[in-house]
Amino acid sequence: MLNPTKLFAPATPRSNRSLVSGFFAVVLALSLAACGSNVKLDEAPVEDRGAAAGAAGSQGGAGSGVDPSGVSGVQVPGIDAQQPANMARVVYFDYDSFEVRQEFMGALEANAAFLKANPSRRVALEGHTDERGGREYNLALGQKRAEAVRRAMQLLGVSEAQMEAVSFGEEKPAVYGFDESAFAQNRRVEITYR
């Protein structure tokens, strides 16, 4: 039979230590679990935001509370470097793919020849996606696209030091819209000279 006086007896110092250490063990386990991410590029679900996202995102920053006249520009060294004329600098990709299509190899060959002839020039290979898919997935896919272009240009003889592959995911669309035409123009890598 249970003794009610033992149920409400004050805790001993030994039991306090075990409660505190147990508490910290639980907090540590939860902290470590929160740091991990189980999102894999090959298994990430694609969510269709459709027209609902278009209505919400069409404000264009209106109502942000920031007065644009009081914001000064940021000067990035090399950002205003002249881009080579008469040379295609955009590579487009199929939906959910980071494979460079054969039709863009001519553009990559022309850019590679220019970079080999001008070893002081650098390029940023900026990977982009359409807005379908989650943010993490799109950043990873944009990076894979930029890396695919970097590898292709490296095989064409461009120095690794001349190229930097970065991803913007869905953050910088070339075209706003929610149809296949807009999506196709946003799935790209831009070659930007610096």
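See the structure above.
Right, let's walk through the structure included here. The structure presented is a predicted model; accordingly, all values stated were derived computationally and were not measured. Once a new chain begins, its residue numbering starts again from 1 and follows that chain's sequence as written. Reporting of local features is limited, given that this is a predicted model, to residues whose pLDDT is at least 70; pairs of side-chain atoms are given and counted only at 80 or more, and all residues count toward the totals for whole chains, interfaces and linings. Just so you know, side-chain values use all the structure's heavy atoms and leave hydrogens and water out.

With that settled, consider the pairing of strand β3 (residues 163-169). Each residue's exposure class comes from its accessible area (1.4 Å probe, protein chains only) as a fraction of the maximum for that residue type: buried when under 20%, exposed when over 50%, partly exposed otherwise. Strands here mean DSSP runs of E at least two residues long; helices mean DSSP runs of H or I at least four residues long; both are numbered from the N terminus. The side-chain alternation of β3 yields one buried face, formed by Met163, Ala165, Ser167 and Gly169, and one unburied face, formed by Glu164, Val166 and Phe168. With helix α5 (residues 135-155) bridging strand β2 (residues 123-128) and its parallel neighbour β3, the resulting β-α-β unit is right-handed. Here a crossover is taken to be right-handed if, once the strands point away from the viewer, the path from the first strand over the helix to the second is traced clockwise.

A 1.4 Å probe that fits but cannot get out identifies a cavity on a 1 Å grid over protein atoms alone, an open set with protein on both sides within 12 Å along at least five of seven lines counts as a pocket, and a residue lines either if it has an atom within 4 Å of a point. Grid points are joined across faces, edges and corners, and a volume is the space filled by probe spheres set on the points. Scanning the entire structure with this criterion turns up 1 cavity of 30 Å³ or more. Taken as a whole, the largest cavity spans an internal volume of roughly 70 Å³. Every residue lining the largest cavity is counted, 11 residues in all, and those nearest its centre are Tyr95, Asp96, Asp130, Arg132 and Leu141.

To get an axis, fit a line to the C-alpha atoms, keeping to the stretch in contact for a helix; angles then go from 0 to 180 degrees between the N-to-C directions. Their axes nearest at 9 Å, the elements helix α4 (residues 105-117) and α5 cross at an angle of 60°. With respect to α5, the element α4 is oriented oblique. Crossing handedness for the pair α4 and α5: right-handed. Across from Leu108, Asn111, Ala112 and Leu115 in α4, the residues of α5 making contact are Val149, Ala152 and Met153. Throughout this description, any angle smaller than 35 degrees is read as roughly parallel, any larger than 145 degrees as roughly antiparallel, any in the 65 to 115 degree range as roughly perpendicular, and the remainder as oblique. Definitions for this section: a left-handed crossing has its near helix turned counterclockwise from the far helix by less than a right angle. A right-handed crossing has that turn clockwise. The contact criterion used throughout is that any non-hydrogen atoms of two residues lie within 4.5 Å.

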